[in-house]
Every structure is written in structure tokens, then in C-alpha cells.
Amino acid sequence: MTALLATLGGRYYTGADVFAAEQEHIFENMWFCAVRSSDLALPGKFKKVQVGRESVLLVRGRDGLLRAFLNVCRHRGAQLCTESEGEVKRTLRCPYHSWTYALDGKLVAAPNIGTLTDGAGAPIDRYAYGLVPVALTEWLGYAWVCLSDTPPPFDDVIGEATRTLGDADTINRYGIGGLDVGHRVVYDVAANWKLIVENFMECYHCSSIHPELVGVLPEFARGVAAQANVGLGAEFGTEVAGFTVDGAAGFDRLPGITDDQDRRYYAITVKPTVFINLVPDHVIFHRMFPMSVDRTIVECDWLYTGDVVASERDVSASVELFHRVNLQDFDACERTQPAMSSRAYRDGGVLVPAEHHLAEFHHWVVSRLATSV
Amino acid sequence: MTALLATLGGRYYTGADVFAAEQEHIFENMWFCAVRSSDLALPGKFKKVQVGRESVLLVRGRDGLLRAFLNVCRHRGAQLCTESEGEVKRTLRCPYHSWTYALDGKLVAAPNIGTLTDGAGAPIDRYAYGLVPVALTEWLGYAWVCLSDTPPPFDDVIGEATRTLGDADTINRYGIGGLDVGHRVVYDVAANWKLIVENFMECYHCSSIHPELVGVLPEFARGVAAQANVGLGAEFGTEVAGFTVDGAAGFDRLPGITDDQDRRYYAITVKPTVFINLVPDHVIFHRMFPMSVDRTIVECDWLYTGDVVASERDVSASVELFHRVNLQDFDACERTQPAMSSRAYRDGGVLVPAEHHLAEFHHWVVSRLATSV
Amino acid sequence: MTALLATLGGRYYTGADVFAAEQEHIFENMWFCAVRSSDLALPGKFKKVQVGRESVLLVRGRDGLLRAFLNVCRHRGAQLCTESEGEVKRTLRCPYHSWTYALDGKLVAAPNIGTLTDGAGAPIDRYAYGLVPVALTEWLGYAWVCLSDTPPPFDDVIGEATRTLGDADTINRYGIGGLDVGHRVVYDVAANWKLIVENFMECYHCSSIHPELVGVLPEFARGVAAQANVGLGAEFGTEVAGFTVDGAAGFDRLPGITDDQDRRYYAITVKPTVFINLVPDHVIFHRMFPMSVDRTIVECDWLYTGDVVASERDVSASVELFHRVNLQDFDACERTQPAMSSRAYRDGGVLVPAEHHLAEFHHWVVSRLATSV
């Protein structure tokens, strides 16, 4: 038996300096899961996403490739797009002075463009004055972007996501990239993003606030986090037919998964801002967008096979289960945020044994910020 | 005749650094009048109060004692109570992970509590992981709390409150602790708390803004602060029957007071945040809650004998008098706050002779903050 | 041909430190155009104006002179006037303690004023305790104020305004001081004041966002700023009869202007916060009030001869033209402000040749702030 470990001190959840350092060293420096690729299925479709302090524009080119750019005109800095999403034909045109960019970022037109020259009198380089590109990789059907000039290997992301399951192939069997979005809910949570991560990582609270989830996964009543038991997942109750709010049957199991994966729930945290929940017939995928030290937008997708979505089958019984879990969790986080500034939490709270793996997350945060906070 | 004294400079009323220092060295370090004890008459009744930067929970135990705690769960820091007041049976239970505390603060239950051990493997100390206690003393029927680990002697509070009257027994004769709350108004004032103190301490403004008060206390028209004349109080006008908005008769005089105290109004300032107004048949008691450098909540109680309150006699004529005074004063303070940032007030304004005692308050503030601002 | 010049870096448009320095070194240190003198035509009329961080009170005396004071009572700092404008008879009386000032600022009354003495026991100097005066000069029918203790020569203002036209008499021929306000619109713009200045100074955006203006002034479609061509102005289109939204005829040309000035539009920037637009039959006069780093109030007057205004002739066709230009410009500025914090604008954007004169404005800003940012 070990003693209770301490959590991070309260200032990590309230300090403007800590959040600024997180923006610089975490959100703007790591791979950040931005949009579901299928949201931008057609050429010319674009979407604007907040990554750290930056407004990033994702747009699909005429060549079918998805690209990301800073949402800023290179001329005098007007925002190219002020709408959150939309569609253009062949170019992105800044409405202020009509500088116009191809969907690969190249500057293709501007008033009096012939008069724009470099120091030597030669025409300007149309890519040098094109939109500022942002690194982008697609995985699991999502576009992940990285604002760093030297992005870390994307294999780090894949490695972290698959390590939890003990096997790199396990997650692939769910075929997440080929699933369709059956439902999406966007939550605006008045809490620091780390409280949401910590909440997702432990199940000591499950018996207190998640009656429906515990109804489906009875072992969660024991208060031991499933994520600590690598690769095992949590087993459905014997009376439970599916991962639904009332335990009724769901849909056919996803074609690729094994018998071992049937009737089990797996939860994966991909730092900094992604949670993946795997069940036999669907996947629940969370992306966080930290907006300020005490506000986080969470976008949650429920993913099903194309058959289920195309046939418009009723997904509400499965959606309702995790939607309730989300509301219960975010309510707990919002109740916690205000106390982070108390002298009672100056040196943090404590972790019970079932939460000890949260200390790894805390060490990781501290090490990312080591040079600046 | 003396020259005009200077007031504090404007930054004392606008500086975020000054307000932070006041929170630390004044509100969180002195005895702070928090609640009327009778608001929490029954076991299990609780109330949440803002003291400096802390949310403090006051709760009456099964043993009848009133106690105060920081409103923070010791486990992962969720706020125990989010409602401003309420009632529980025997325990305070954190809704996040169900850590549960007795009304004396002891940790009495938690999921898997048997697994919680200290470094040596022994069960944890249930008080060491109990709610963080806050010092509490009851006086005049109010609970005063102190967040300091080493609270100053409470006799300092009593001494200051009674010194104004020249005699420690004078205030006791009003039997304030035994009175009932006949009416309460909560004011949200867009002004620094010190402007409200200064306003209360002088009567040079009375002839300008308090026609009803001057109608009852004609000597206030002279513009000389009653508080400067220790122990005398201000005498009712000869035509005035009671301390009411129109001078009509009030109620029977409080049983303990002397003939000297009859037909007189006494005003007492108890630093940092309490004003007490004594008149023959009732007491008006102000508590301030400084929320930010330019916002102060003021809670004002009108206290009468139990007979008056129980018989539901009409108290509106006395309530109306000081309610108007409050509105007139707070309006003046709100008109003053914005000018505190002007270069015209960089070195402060001036005090006329009838306001010279305000300089003592200014010196006191400066000395409390001496080490930090 | 020259290379593209860089603009100011983004922090100049977003930094609280930069805006604070601009308040101190620009708005509170230079001549600042505050009110149209005719708005305060009668003795006792007053208006409250925000200049930098100060609330300044402009009031016309019984002697017919316009004066400016800090809007702060010398006693305890209450704001003298909380209304934005109004009228008094002979004095300004502070409602808090009734200190009362003549319209020339002298302290003329206060309760117990006889007891107010200097250190030597002599009565206080009624001007030394009078309202704090602010320097004021009238020019072009506007009152310009300067908060500095040592205002710069007002000839600097006149020099800058007239230098653009190449001739000190040119502007005088429009007789701006004698015109009447035919219409006024107040805009609340969510953008830094310098974005608004830069927008006004260049016409490279005209073809993109100002169809009505280009309809009247076809040469603006070329995207070359008229202001760069000293003294020439921009010529009306051959089909255009007047400076109106549809090019229809306006009013008789102003009596003083020359044939050269007829059928021409001139634009003048008077730093820091004034734009003047001259057309044959009216004048459009902008005053900016920078409220915060990302918010600017702009007050725009349309000035016509007294005949036009007195006869209540319909001015809507000329008002509508520049009102649309204003809305188009301020929309562009509001679209630009959010991108100023992007890493893409850390070192600024670029200036095309037709905007190169903006670099002078940038150098001027940098030099004004040189000692502090």
C-alpha cells in the first residue's frame, strides 16, 4: 500500500502564465486533432479551427488534398475567412484588397500585381507571399495539424494511441477512418482542459456520477480505472445487450474487430486533446479546443458504419448514453474549476490508488512546461 | 486652523495590486463579519460566503455549534457547495467522488476508503484529510471568521467597536445578539470598499444628499461627523418622534438602553467591513463583501426585538429611512469611483476639517499594506 | 521599382502596453479634436469627452468662451458630470458635498467654506482649488484640447493639415468653421485606431470594397491613394454631377472655393485622430476616440452651409455616400483586428507601392513611443 500522491497545484489550472505556456509548448507544438476529414469532403470546402492562439483554415484543394493555412492575408493581415465554415470555388479571396490565393496557398491575383517586386525589381515569389502553410496529417479519418516549424514524428501520436491497447493493430480493426459521423455534440465547458483530461482518465468517480454507464459496465462501480489495465477494456454486464443508455441491443459489430473486442469498452487518451472510446458497434471520438485557462470547447463525434448512417437508423440510444456521461463529467469539472484558486488547493489535492496513473499526466505537463513556468 | 489634508492617491482605489494586497493583508488576515448566526439556526443549515479570495462554508453542527470551512473537497478540489445556502442532514458529500464529511469537518466516508493509507501503510488520519477549518467567533449575533493561521485577538474587534462610544458597556445595552432580522437589503455597489467606508465615516455630505436623515437629525446639517464626537451620538430633532423616514414614532425603546441613549443615533465603524447604527428601537447593521477593486456587495440588516418581528408589525417607516440613506451614499460612491483614475486625483483630493478623522483610516490602510504595495 | 515594405508588427495593434504608451505619449500629449464648437453654442452648455484616459469637460462660460477641465471635483474626486452633455446656469456643482465651481473653474462655494484654510490659516486660493484646466484652441469650428502641461504649438496641427494640400489657404477657402452640422453618425468600431488611420490613408482597397465611391471618383479604381498626390485631389467622373451616392447633383458649391477645387475630392489626415474630406458643396469631418487597444469610437460630421441646414434641404444623398464608405471601411478594419495576434503577422504584413506612404505613419508612431515600448 502506498501513500496518497499529490496532484498539480491550483495555479496550473488558473494561471494565465501557465495557459500561455501550454498554448506555446503544447497546443502549438504538438499534433492537434482539428477536423473530421469527411466534413471537408469536396474541393473548395473549408473550415476554421482555433489551435492554441491561432485561427487555422483547413481547405480541400481541387486536387483532392486537404491543406491547412494560417487564416491571415499576407498583405495587411485581414482574416481571410470570418465564417466558421463554408465553400469556395477555386480561390480564397481576401475581401479587403482582393489579394487572391489558390487552394494550395499560392498568391494568384492582386490589384496591380505586376507592380509588386522584390528588392531587385523581379516579380515577387507567388508562394513566398502565399498563405502560411501549417503541417497536416490525416489519421483515423481526422486531420491533425501542427503549428511547429519542426513537427514531431506523427508516429508518436500513433504510438501513444495504440500503446494503451497493448497492440498496434487493435485500434485499426475498428476501421475508424472509414466510419461516418452519425451524431455530433459541441460542449462549452467552463473548466481548464486538464481537469477534463484527468476526469476522463479515472473511473473513481464513476459510481458517484455515472449511473447509466455503470449500468452497462458493472465493473466501473468498483472505481478502478479501465485505462490502467492495459488492453483489457471493461466488460459489458451479463444482462447488457449493447452500449446504449438502457443496455438494449445496438447495431451489428464492426466488421474488423475480434471476438475478444466484442462486448467490451476501451478508452484511450491521446495527448493533448483527444479521447477515443471503442465499443463493438461504434466509436465515440472527443476533440478538445482549449479557449482560455478556464474554458474548453469539446466536440464529440459518434461514428457508425456507413450502412447505419446511410439507412438513417435510430442512433439515439447509443448517443444518449455517452451524452449523459459527457454532461455528468463536464458538470463535475465545472464544479472543480472555481476551487482551484483556493488556498486549500495551493499544493493540490490527493490521488487515491485508483488514480495514481494521473500522476504520469501531471509529470508530462510539468515537463512540457519545464523551461517556461 | 489647520490646512486641508490629502486623501489617499487614486491608485489605492483602482490598482489591481492594491486590491490583491488588501485581500491578503486585510480581508484574509483580520476578523471578517460573515453571516447573521440566526440565518443558520438549525443543525445542517449552511451558507457560502466570499471572504477575500476564498469561498467559505459556514455550517451548524448536530452539536449546535457553528463552524467554518474552506468550501473545497480535500480529494480533487471540487467545490462542496455551489448553492449560496441550503441544508443537509448529517454530512457534506462531495458530488464528484463522494468523499463525505461530518459537520465538524471529519472525513467519514469515501469509496474504497480502506485503501487510503499514509506512507507507512496505516489508515489515513480522518481529520488530517477533513475539511480545512477556518477560525470563527460569534459576537453581536454574527459569525466572524478569520482565514489567518494565527488570528489576531478578537478583543481587538470588540475594542474598536466599543471605543467609539467611550464605554464598553454602551453597545451591549442594545442587546444586538438577541435581536431579530426584520428586514435585509443586499446592494451591489460599483465602487471600491474604501470609498464606502470613507462615506460612512463623515457627515460633511449629509446636507447635500441626505434630506430625510437631516430631517430626523438636524445637527447633521452642520456637516460635522458625529463619529468624531466620541460617545455623544446625534440627537433627534425636537419635532421628531422616531428614527423613521417621516419622523413618526417607531417602536418601544430597546429594554437595555439608558435614558442618555434614547432619542439618539450612534454610528460605529468596525474595520474592515462593518458599520453599526444604533437608534433607540432598532439597529442597522452593514456588512461589506469587497468583490473586486471597483465592486462591493453590501448586505444591510434592520434588527428589531423578537416581539416586533414575531408580531409582524410594519417596519417600513424605519427601513425606508436608512434604505434611502444607503442608496444616496452608494450613488455618491459610484459617481466617485471612475474619477479615481484621473490625473487630477493622482495624489488624492483633500479633507476638510470635518473630515480630518478619515486620515486615520487612510494611515491604517497604508500601514496594513506597508510591506507589499 | 522597390521592394514591398513591412508594416508594423502585430503587437502594435494588440499590446496593452502599446496602447497605454499611446494614451500617454499621443492622445494625452498632442492636440486632440474634442467637440464641434457649435454643439456648445450657449453659455452653460457642457459636454463630456474621453481623451486618452481622462474624462474632459468642455463648457461655455457666461463670457462666451469655451473652456475645458478635468471632470473631477477637487475635494474628494467625484465626477462633476456623469451625463454625456447638458446645460447649467452659472455654476457646476458637485452633487456629493456641494463644492461649487464657476464656469471658469473657480471654486465659488462649499459648505463651511470659511473653515477651509491653508497651512498658515489664510483662506484657501479659490483658483488653486478650482477645476483643473485643460488647454483648448478652436480651429475649423472644433475645440481641440491638450492634456499636456506644455502643449506643442497649435501651428503644428495647422501645418500638417494644410501641408497635404500644398497651400495653407486651400483648406481655409472651404470656410469649415462657418459651416453647420447637417448630419452626424457615431460608429463603434472593434478595431485599433491605427488600422482605421491606415485604411483612410490608402485607396488600394477602394476598387475592392467601395463601389459607390469609385462610381463617383473613377480614378480610385486604379488603387493609387489620392493623398500621395499632394494638392491634386481626385476628380469626379465625367457623368457625375455631385458627391452623392448616385452621382446626382448636390448643392451650390461653397462660396470660397476656387474653380480648381470644384468637382474634386480631397482627403486629409490630421494626426492622431482626425480625417477631413473636402468636396465642393460640403465637408465630411471624422473624429476618433480610441477607447481600448481594440475599440475605437468614430464620430463623423457632415457639414453644409447654414443655408442648406436652415432650409432643411434633403442631405441624404450626400450623407449616404460616405456613410456607406464608413461602414465598408470599418468592416474591413474589424476583419483585420483579430489577425493582428497571429504569428503570421508577428513581423507585420507588407505595403504595396501604392501604400508606401503608410510607412511614414508607422515611423511616426514608433518615434512617438520610442522611449517607452
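To keep things clear, this report deals only with the structure shown in the data block. Computed from a predicted model, the values in this text were never measured in an experiment.

A look at the state of the cysteines
- By the definition in use, this model includes three disulfides over all chains.
- Residue pairing for Cys 203 of chain A: its cysteine sulfur links by disulfide to Cys 206 of chain A, the two sulfurs lying 2.1 Å apart. The disulfide joining Cys 203 of chain A to Cys 206 of chain A has a torsion of about -115° about its S-S bond and is therefore left-handed.
- Since its relative accessible area comes to 3%, Cys 203 of chain A is described here as buried.
- The exposure class of Cys 206 of chain A is buried, given its relative accessible area of 3%.
- The closest cysteine sulfur to the non-disulfide-bonded Cys 33 of chain C is located on Cys 300 of chain C, 12 Å from its own sulfur.
- Cys 33 of chain C provides the cysteine sulfur closest to Cys 146 of chain C, a residue in no disulfide bond, and the two sulfurs are 13 Å apart.

Structural notes on the interface of chain B and chain A
- Listed as interface residues are 33 residues of chain B and, on the opposing side, 31 residues of chain A.
- Summed over both sides, the interface between chain B and chain A buries roughly 2600 Å², with carbon and sulfur atoms accounting for 53% of that surface.
- Here chain B is connected to chain A by four salt bridges.
- Measuring nitrogen to oxygen at the nearest pair gives 2.9 Å for the salt bridge that ties Arg 76 of chain B to Glu 202 of chain A.
- Connecting chain B to chain A are 17 residue pairs in polar contact (both at pLDDT 80 or more).

Points about the packing of helix α5 (residues 193-201) of chain A against helix α9 (residues 316-336) of chain A
All names here are of chain A.
- Following both chains from N to C, one finds α5 and α9 inclined at 130°, their axes separated by 10 Å at the closest point. In terms of orientation, α5 and α9 fall into the oblique class. Along this stretch, α5 crosses α9, giving a crossing that reads as right-handed. Residues Leu 195, Ile 196 and Asn 199 of α5 form the contact with α9, whose participating residues are Asp 329, Phe 330, Cys 333 and Thr 336.

Topic: the relation of the copies chain B and chain A
- Mapping chain B onto chain A leaves a residual RMSD of 0.1 Å; the transformation is a rotation of 120° accompanied by 0.1 Å of translation along its axis. Here the transformation between the copies is reduced to the relation of a three-fold axis. Across chain B, the rotation axis passes nearest the C-alpha of Ala 16 of chain B, at a separation of 8.8 Å.

Details of the environment of Arg 253 of chain C
Residues and elements named next belong to chain C.
- One can find Arg 253 in the loop between β13 (234-235) and β14 (264-270).
- Looking at Arg 253, the relative accessible area reads 35%, which means it is partly exposed.
- Among residues more than four places away in sequence, those in contact with Arg 253 are Thr 258, Asp 259, Asp 262, Pro 280 and Asp 281.
- In this structure the side chain of Arg 253 is engaged in a polar contact, spanning 3.4 Å, whose partner is the backbone oxygen of Ile 257.
- Here the side chain of Arg 253 touches Asp 262 through a polar contact of 3.3 Å, side chain to side chain.

Examining the sheet that holds strand β12 (residues 180-189) of chain C
Residues and elements named next belong to chain C.
- An order of β12-β17-β16-β15-β14-β13 is seen for the six strands of this open sheet, with the pairing classed as antiparallel. Where the open sheet ends on each side, the last strands, each with one partner, are β12 and β13.
- Looking at chain direction, β13 and β14 are connected through two bridges and run antiparallel. Bridged to Ala 234 within β14 is Tyr 265.

Digging into the side chain of Asn 192 of chain A
All names here are of chain A.
- Along the chain, Asn 192 falls in the loop between β12 (180-189) and α5.
- At 2.9 Å, the side chain of Asn 192 forms a polar contact with the backbone nitrogen of Lys 194.
- One polar contact links the side chain of Asn 192 to the main-chain carbonyl oxygen of Val 293, over a distance of 2.9 Å.

What counts, and at which threshold
Residues numbered from 1 in each chain as written. Chains lettered and ligands numbered in written order. Predicted model: local features only at pLDDT ≥ 70, side-chain atom pairs only at ≥ 80, totals over all residues. Heavy atoms only, no water. Disulfide = S-S within 2.5 Å. Buried < 20%, exposed > 50% of the residue type's maximum accessible area, 1.4 Å probe, protein only. Contact = heavy atoms within 4.5 Å. Buried area = accessible area lost by both parts, 1.4 Å probe. Salt bridge = Lys/Arg side-chain N within 4 Å of Asp/Glu carboxyl O. Polar contact = N/O pair within 3.5 Å; in protein donor to acceptor, adjacent residues only side chain to side chain. Axes fitted to C-alpha atoms, helices over the stretch in contact; angles between N-to-C directions. Helix = DSSP H or I, 4+ residues; strand = E, 2+ residues; numbered from the N terminus. Parallel < 35°, antiparallel > 145°, perpendicular 65-115°, else oblique. Left-handed = near helix turned anticlockwise from the far one by under 90°. Least-squares fit on C-alpha atoms with pLDDT ≥ 70 in both. Pairing = 2+ DSSP bridges.

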